[in-house]
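# Examination of the molecular architecture
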Amino acid sequence: MGELSKFFETPIELNPFVRIRGELPLGFVESTFNDMDLTPQTRDQYIRNVQRFVEWVEKEGWSQDVLMRYKNHLRNEVSLSTSSKNKYLTVGRVFCDRLNVLRMFPFDFESPKSFKTSRGHKNPPLTKDHIRKILDFVQDDSVMNTMVHLLYFQGLRGNEVRSIQVEHINVGNGSMMISGKGRDGDLQEIRLHPRTVEVLKTYLKETEISSGPLFQGRFPNQPISQTKFWTSLNKVFTSLDIESNPHSFRKSFVSSLIENPDLDLITISKFSRHKTINTLQVYYDRVSLEKSFPTVVESLEV
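As a starting point, this report considers the structure included with it. Model, not experiment: these values are computed from the prediction.

### A closer look at the overall build of the chain
Summing up its helical and strand segments, the chain has 13 helices and three strands in all. With the C-alpha coordinates aligned to their principal axes, the bounding extent of the chain is approximately 65 × 65 × 35 Å. In the chain, which comprises 302 residues, the share counted as buried stands at 44%. With an accessible surface of roughly 17400 Å², the chain has 50% of that area assigned to carbon and sulfur atoms.

In structure tokens:
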């Protein structure tokens, strides 16, 4: 069983579906990716993402079907999008492939297929009519109203909203510091939409929260859980009979900026906080095709 035998202390002749329990040696996970032909950025991302798999498998045990079981676990994570589930499943698969190559176990791991992207995860951005209906629906719920404003008028990602600390909000000058995607805890200043400023003022006055997470979880100084956050938002969609998902707020934010002829992609990337404008090209192409479609229809008239 190679180096791991001393940690698991199990016989070589082992039923491949018997679960082996044990913790990986310190530093082993990081070193597993060292010999792979990866950019430093990709390697760091793999190391971050594989932690979810490692923490889960240390509780659930290793076996030949560990990736199949992990996929079922991810399937039940309602707070994750299909793309995020595939990201975590992929890095788990890469990690197990490395263990196969290193012959760390007396069996090879079975590799499951990726999650299929359902129609629900291919939803287009929310329309302005959708946004109006949602804002009307949540206006009397201070928590949901504030969440929706941060998601749509600021274009924040769900985890960015969950990580907001009251101390990082400055309604006086209309700004806020957030820990953005891939910034490893580094804070980034963003400008707040005037509507967001007013909603935040009302929310902070009503809740009297002076420090800690903006949206409190079940325990003191703990942010709202991913599951609670996404479930609450999905209930709004269900109540309004809107077929969409919470990330569509950010899609709508970006698409609305792109539709404005006075804004170029570089400027938009500053407000959307995309590292490159390549990602924005997807939005730009969609908006361009939507605008062109009536002309295409007219051109084909006989």
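### Notes on the environment of D186
Here D186 is to be found in the loop between β2 (175–179) and β3 (187–191). Not counting chain neighbours up to four residues away, the residues in contact with D186 comprise I178, S179 and G180.

### Regarding a nonpolar patch on the surface
Among the surface-exposed residues, F293, V296, V297 and L300 lie close enough to one another that they form a single nonpolar patch of about 390 Å² accessible area. Mapped onto the fold, F293 is located in helix α13 (residues 278–299). By relative accessible area, F293 is classed as exposed at 52%.

### Notes on the packing of aromatic side chains
By the definition in use, this model includes 17 aromatic pairs. Here Y203 and F215 contribute two aromatic rings whose centre-to-centre distance is 5.5 Å and whose plane-to-plane angle is 50 degrees, an arrangement assigned as tilted. With Y203 in helix α9 (residues 194–207) and F215 in the loop between α9 and α10 (226–239), this pair connects stretches of sequence that are 12 residues apart. Judged by relative accessible area, Y203 falls into the buried class, the value being 3%. Under the relative-accessibility criterion, F215 is labelled buried at 2%. Among the aromatic residues, those joined into a cluster by ring pairs are F33, Y46, F53, W56, W62, Y70, F95, F105, F107 and F109.

### So, the pattern of salt bridges
Between side chains of opposite charge, a pair can form as their charged atoms come close. Going through the model one piece at a time under the given rule, you end up with six salt bridges. A salt bridge links R103 to D108, with the shortest nitrogen-to-oxygen separation between them at 2.8 Å. The class of R103 is partly exposed, set by a relative accessible area of 46%. The shortest N-O distance in the salt bridge between E160 and R157 comes to 2.7 Å. As far as burial versus exposure is concerned, E160 and R157 are alike and both buried.

Calculation criteria
- Residues numbered from 1 in each chain as written.
- Predicted model: local features only at pLDDT ≥ 70, side-chain atom pairs only at ≥ 80, totals over all residues.
- Heavy atoms only, no water.
- Helix = DSSP H or I, 4+ residues; strand = E, 2+ residues; numbered from the N terminus.
- Buried < 20%, exposed > 50% of the residue type's maximum accessible area, 1.4 Å probe, protein only.
- Areas by Shrake-Rupley, 256 points an atom, 1.4 Å probe, with all protein chains shown as cover.
- Contact = heavy atoms within 4.5 Å.
- Patch = residues over 30% accessible without salt bridge, like charges linked within 9 Å, V, L, I, M, F, W, Y side chains within 5 Å.
- Salt bridge = Lys/Arg side-chain N within 4 Å of Asp/Glu carboxyl O.
- Phe/Tyr/Trp six-rings, centres within 6.5 Å; stacked < 30°, edge-to-face > 60°.

Geometric descriptors of this kind do not, in isolation, establish any biological role.
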